[in-house]
Amino acid sequence: MASVRFTVTPTKAEDLPGLSDTSPDISSRSSGRGHVRFGSRESVNRSEPLSEGSGGLTTTGENETPDRTNTDQGDGNAKMSNVYINNSHGVDDDDFYDRNLALFEEEMDTRPKVSSLLNRLANYTNLTQGAREHEEAESIGEKRKAQKSPQMGTFMGVYLPCLQNIFGVILFLRLTWVVGTAGVLQALCIVFICCCCTLLTAISMSAIATNGVVPAGGSYFMISRSLGPEFGGAVGLCFYLGTTFAGAMYILGAIEILLMYIAPWAAIFVSGSPDGEGAAMLNNMRVYGSIFLLLMALLVFVGVKYVNKLASVFLACVIISILSIYTGALVSAFRNGTVPSTFDLSLPSSEATTTLWLQFCEGPDLNASCDYYFNLSNISEIPGIPGLSSGVITENIWSVYLSKGDVLEKGSLPSPRPVHPPTNRLPYVFADITTSFTLLVGIFFPSVTGIMAGSNRSGDLKDAQRSIPIGTIMAILTTSLVYLSSVVLFGACIEGVVLRDKFGDSVKGNLVVGTLSWPSPWVIVIGSFFSTCGAGLQSLTGAPRLLQAIAKDNIIPFLRVFGHGKANGEPTWALLLTALIAELGILIASLDLVAPILSMFFLMCYLFVNLACALQTLLRTPNWRPRFSYYHWTLSFLGMIICLALMFISSWYYAIVAIVIAGMIYKYIEYHGAEKEWGDGIRGLSLSAARYALLRLEEGPPHTKNWRPQLLVLLKLDEDAYVKSPRLLTFASQLKAGKGLTIVGTVITGNYLHSYGEALAAEQTLKHQMDKEKVKGFCQCIVANKAREGISHMIQSSGLGGMRHNTVVMGWPLAWRQSEDPQSWKTFINTVRVTTAAHLALLVPKNISLFPGNSEPCAEGYIDVWWIVHDGGMLMLLPFLLRQHKVWRKCAMRIFTVAQMEDNSIQMKKDLATFLYHLRIEADVEVVEMHNSDISAYTYERTLMMEQRSQMLRQMRLSKSDREKEVDHSNVRRMHTAVKLNEVIVNKSHDARLVLLNMPGPPRNPAGDENYMEFLEVLTEGLERVLLVRGGGSEVITIYS
């Protein structure tokens, strides 16, 4: 049977119909007989026989490049070629395609060339939600639509949205009351703790956001892809509920401003008695809140573009309001700060009484019966806004916590203690709730939330990995400065009794912070009203999209319906559910009761962000390489503790409810949810757990992000039971750095019944050597009749459950040419075949005795990687792991790849640099061009020495034409690859500390085993330290977070 080889080389993958990112193979259009491989070659069997003299048959399509013709035997025998060496007049130059990589030609189908891999990665763009790399089932057959390149920078894309979401209703309605009640010192403490919580969370979030490509979708995707579907779903729903209740809180704040400070006459429910005023106000909040919620939901439903257009207006309102506060504080130092009283405070004369008298007495007469508390008190008028220069901060520095129903009074003046407390039927100002430090923490914390606004827009950012950390942290520092300075200004400018007056009854019903503002209180009132409306709209816009993202991930089956929406993708059903949940918050009707609820959900979300960062840092996952370097696991751990403490400080029962809800969601996803695998940190942790983790790990192979070398180190003992190559253990310890699984094994030839004692002694020797080299792991000794059988059994049976090896490390057979027993190198080749069959990676250090010890750190030098065929990414990952150890830390990394005649070397270099940037690996890149050249006489000489060693002298005297008849062309081509590659490698890497090189697979025909060893010798000749690497067939490194 003859075969036809042809290659399709489109400029873009999209040019070929039916070609998707996940499947490089497409069917040929030639009636199903052919099979076309993108970037590789495949034999095509045809039923028509070819005559021997028919020559090479080349089929060329519209976009196809002709390739040389070979004949596959099918039984593993050497290939026959009709391309004659040095035939310059009958064969085109393209017929020498891949001649420089002939050593790897049998594996091109499963292990594509580097140029092919980079070509597919070159057109990478920011993916939409889900990062479809590991969700092929959802993307097969889909055509990627052309997307507009994101252009938003740090200031507009992250900083301003975070400012708008952080500044909110609490600043205008409750911060003065918090300062008056807690005092300046404790208020500063509250603000500082809350701001520290968000700052530490932002640092952790920045590390997660910069660990790989940030997909559009924001914080939920960062948490779920870092902690897995169970934690991701639980935290995602907590974040959703927090955002939804935040919308309810903003609406309640807007209604409070409307009914108390803008249009009190608009109240629907009016109480006839003072006792019912509170209930009437709550009913008004419920009615108006429901109306506002309906209107806002309709606006969001009609189109989110209108919300985005209004966002800048609302942000301007916030900034103008804050500036008016600072201006008013400065102006207060130079003006009379007395606020006009509602009553005439002049004392009654002997003839007449005042309006104030009538408020507390039963008649206008001087002898009328008056309130007992009124009779015992003196009437005095004090400035409500004494100003910066008044020194009132000395009185406001300490806390004044009140119980519900207590009268607000100036603490520095003597106060009567009447038998009967004042009644609310008289115009006293009372505390409406019992206050404490913990309560104030829960009420204030929502004013520092909103730090996720920038990460939620990650898909719109020009450089998300740079913008998210800078913009978020700068926004937090800005808002923290504003809050801390506002606490000091309020305490220094406003009288303490007025600060504790939550609703401004003592200042003619004005907003307390409005009395400080300049030029008019209406600046604050109008600005705060519109800013709270805008924040409510933003919450109602963001929450449904978050729920839709969770539903589309399909990790919670009963939420699947909320993943659907309008034709343009607007989440209709999710918006409806969000409005219903927000209505529950509206029905609570009290801002002070809703604020702690959303505090719980946000704190839960922030807690798990810190947990994700701390966990990944402590595990040292190979995929954990954030570009944001100003983080540490202790900061994440501290942020996690602060979040947990704030949850129980502000409301312990709400905290327990939130934890129970998150736990129930976690268990539901674990047992009933759709199975997802995102390479999360929890799965990495489970590798070191006990029975439960082992059973979990057996559910499937580990994810690419969790892949690390789990080593099986094969050692050989000499006649005295000493380890022949102890440096293999040293190399293993440097590669592992104490992490992951290491199994050290050896094989003793003999009968187990008679060699049991010898096996125990060998095991003790291995343990002693492992302790000496500080290798943490397990040792295993197998007794077998033949060494190759024992090694095969060890490779098959080592490990338990998920704790199995995925990489085999063994030494190079020394002096195999001079060895009288050929079994040494035959055992080596058999081990290579066994590891390939088991889909395990293989590492073969050559000249292992020259490798540095643990106490011999390398001076500055290079670790050179020669990336010839894509083997799952092992060549990229190993230098990164080695450089974590102190021995290799000072070595820089260089990556060389080989360009063929038809490759664009300049584009390959750009693509490789882009690929390394996404991998977060720093390395110098160089593309080496290997032009097609005639096979040299030296190549023939090496081939002759290899094939007919016993007749070497006679063969060297043969003429050139005789050589061509004698030498097997396939061996010549392979030797040509080895010679050419060795020449280039020695030229470029002669001074490298370590050279990593793709290890070609052994021949299918065992008759060529000795030739295979000779090829490897020629390939690595003249290099001091070489690590031959052969991947296991699976991807071990990824650009995704």
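In the block above lies the structure referred to throughout.
Every chain is numbered on its own, with residues counted from 1 as its sequence reads. Totals for whole chains, interfaces and linings use all residues, but because this is a predicted model, local features are given only for residues with pLDDT of at least 70 and pairs of side-chain atoms are given and counted only at 80 or more. For side-chain calculations, the full set of non-hydrogen atoms in the structure is used, while hydrogens and water are omitted.

Undergrad: Help me out: how do you make sense of the overall build of the protein chain in this one?
TA: Helix numbers and strand numbers start at the N terminus; a helix is a DSSP run of H or I with at least 4 residues, a strand a run of E with at least 2. Regarding its fold elements, the protein chain presents 33 helices and 16 strands. Accessibility here uses a 1.4 Å probe with only protein chains present; expressed as a share of the type maximum, an area under 20% marks a residue as buried, one over 50% as exposed, and anything in between as partly exposed. Per-residue burial over the protein chain gives 55% buried out of 1041 residues. When contacts within the protein chain are restricted to residue pairs at least 6 apart in sequence, those whose partners lie at least 24 apart make up 80%. Residue contacts are defined here by distance: any two heavy atoms, one from each residue, within 4.5 Å place the two residues in contact.

Undergrad: I would appreciate a short explanation of the sheet that holds strand 16 (residues 1026–1030) in the present structure.
TA: Within a sheet, each strand pairs with its neighbour through backbone hydrogen bonds, oriented either parallel or antiparallel. For two strands to be treated as a pair, DSSP must find no fewer than two bridges joining them. Reading across the sheet, the 10 strands line up as 9-8-7-10-11-16-15-12-13-14 and stay open at both edges, with mixed pairing between neighbours. Edge positions in the sheet fall to strand 9 (778–784) and strand 14 (924–929), since each of these pairs with one other strand and no more. Geometrically, the sheet is characterised by an average inter-axis angle of 20° between neighbouring strands, direction not taken into account. One ladder, built from 3 bridges, connects strand 10 (residues 807–810) with strand 11 (residues 841–846); its direction is parallel. Counterpart to Thr807 in the pairing with strand 11 is Ala841. With respect to the sheet, helix 28 (residues 905–919) is in contact with strand 12 (862–867), strand 13 (892–899) and strand 14, its orientation differing from that of strand 14 by roughly 150°. Note on geometry: axes are C-alpha line fits, over the in-contact stretch for helices, and angles between N-to-C directions span 0 to 180 degrees.

Undergrad: Whenever I open this one, the packing of aromatic side chains confuses me. Can you help?
TA: The geometry of an aromatic ring pair is captured by the separation of the ring centres together with the interplanar angle, meaning the angle of the planes. Stacked, tilted and edge-to-face are the three classes applied to pairs of Phe, Tyr and Trp rings, where Trp contributes its six-membered ring and a pair requires centres within 6.5 Å; stacked means planes under 30 degrees apart, edge-to-face means over 60, and tilted covers the rest. Considering all chains together, one arrives at 20 aromatic pairs under this definition. Look at Phe444 and Tyr483: their rings are 5.4 Å apart centre to centre, the planes differ by 80°, and that puts the pair in the edge-to-face class. Linking Phe444 in helix 11 (residues 437–444) with Tyr483 in helix 13 (residues 464–493), this pair joins segments that are 39 residues apart in sequence. Measuring from centroid to centroid gives 5.8 Å for Trp624 and Tyr631, while their planes differ by 85°, and the two rings are edge-to-face. Pair check on accessibility: Trp624 and Tyr631 agree, each one buried. Aromatic rings pair up to connect Phe239, Phe445, Phe602 and Tyr606 into one cluster.

Undergrad: Looking at this structure, I do not really get the pairing of strand 10. What am I missing?
TA: Regular strands have side chains that alternate between both faces of the sheet. Residues Thr807 and Val809 point to one face of strand 10 and Val808 and Met810 to the other, with burial holding for every one of them. With 4 bridges joining them, strand 7 (residues 711–714) and strand 10 adopt parallel strand pairing. Along strand 10, the bridge assignment pairs Val713 with Val809.

Undergrad: Where do I start with the side chain of Thr201 in this structure?
TA: Looking at where Thr201 falls in the secondary structure, it is placed in helix 4 (residues 175–209). Since its relative accessible area comes to 0%, Thr201 is described here as buried. For Thr201, the residues in contact, after removing those within four places along its chain, are Ile451, Tyr606, Val609, Asn610 and Cys643.

Undergrad: What is the right way to look at helix 19 (residues 633–650) in this model?
TA: Turn by turn, an α-helix covers 3.6 residues, leaving residues three or four places apart pointing in a common direction. The span one expects for a helix is its residue count, reduced by one, times 1.5 Å. Given a rise of 1.5 Å per residue, 18 residues ought to cover 26 Å, and the 26 Å separating the end C-alpha atoms of helix 19 matches this to within 8%. Within helix 19 the residues assigned to the buried category are Ser636, Gly639, Met640, Ile642, Cys643, Leu646, Met647 and Ser650. Buried residues along helix 19 cover an arc of 160° about the axis, so they all sit on one side. If you follow the buried residues of helix 19, they end up packed against helix 4, helix 11, helix 18 (591–619) and helix 20 (652–672). The arc under discussion is defined with respect to the helix axis, by the directions toward the C-beta atoms.

Undergrad: Got a minute to help me understand a positive patch on the surface in this structure?
TA: To count toward a patch, a residue needs a relative accessible area over 30% and no salt bridge; like charges are then connected within 9 Å, while nonpolar side chains (Val, Leu, Ile, Met, Phe, Trp, Tyr) are connected within 5 Å. With residues, only the protein chains shown are counted as cover, and all accessible areas are computed by Shrake-Rupley using a 1.4 Å probe. The term salt bridge refers to a side-chain nitrogen of Lys or Arg lying within 4 Å of a carboxyl oxygen of Asp or Glu. Note on charges: Lys and Arg go in the positive column, Asp and Glu in the negative column, and His and the chain ends are not counted at all. Here the site of a charge means atom NZ of a Lys, CZ of an Arg, CG of an Asp or CD of a Glu. A grouping of Arg620, Lys774, Lys886 and Arg889 is seen on the molecular surface, where their side chains present a positively charged patch. Relative to the assigned elements, Lys886 resides in the loop between helix 27 (874–882) and strand 13.

Undergrad: Any chance you could explain helix 2 (residues 154–166) here in plain terms?
TA: Here helix 2 spans 17 Å end to end across 13 residues, near enough to the 18 Å set by a 1.5 Å rise per residue. Burial runs high along helix 2: 10 of the 13 residues are buried. Along helix 2, the residues classified as buried are Thr154, Gly157, Val158, Tyr159, Leu160, Pro161, Cys162, Leu163, Gln164 and Ile166. Buried residues along helix 2 sit against helix 7 (304–332), helix 12 (453–456), helix 13 and helix 16 (521–553).

Undergrad: Just to check I follow, could you spell out the packing of helix 19 against helix 20 for this structure?
TA: The interhelical angle for the contact between helix 19 and helix 20, taken along N-to-C directions, is 125°, at an axis separation of 5 Å. Classed by the angle they form, the pair helix 19 and helix 20 counts as oblique. For the pair helix 19 and helix 20, the contacting residues are Met647, Phe648 and Ser650 in the first and Trp652, Ala655, Ile656, Ala658 and Ile659 in the second. Reported orientations rely on four angle classes, namely roughly parallel under 35 degrees, roughly antiparallel over 145, roughly perpendicular from 65 to 115, and oblique for the rest.

Undergrad: What am I meant to see in unusual backbone geometry here?
TA: Glycine aside, negative phi is the norm for most residues, and most peptide bonds take the trans geometry. Between Trp518 and the following residue, Pro519, the backbone shows a cis peptide bond with an omega angle of 10°. Residue position: Pro519 is located in the loop between helix 15 (512–516) and helix 16.

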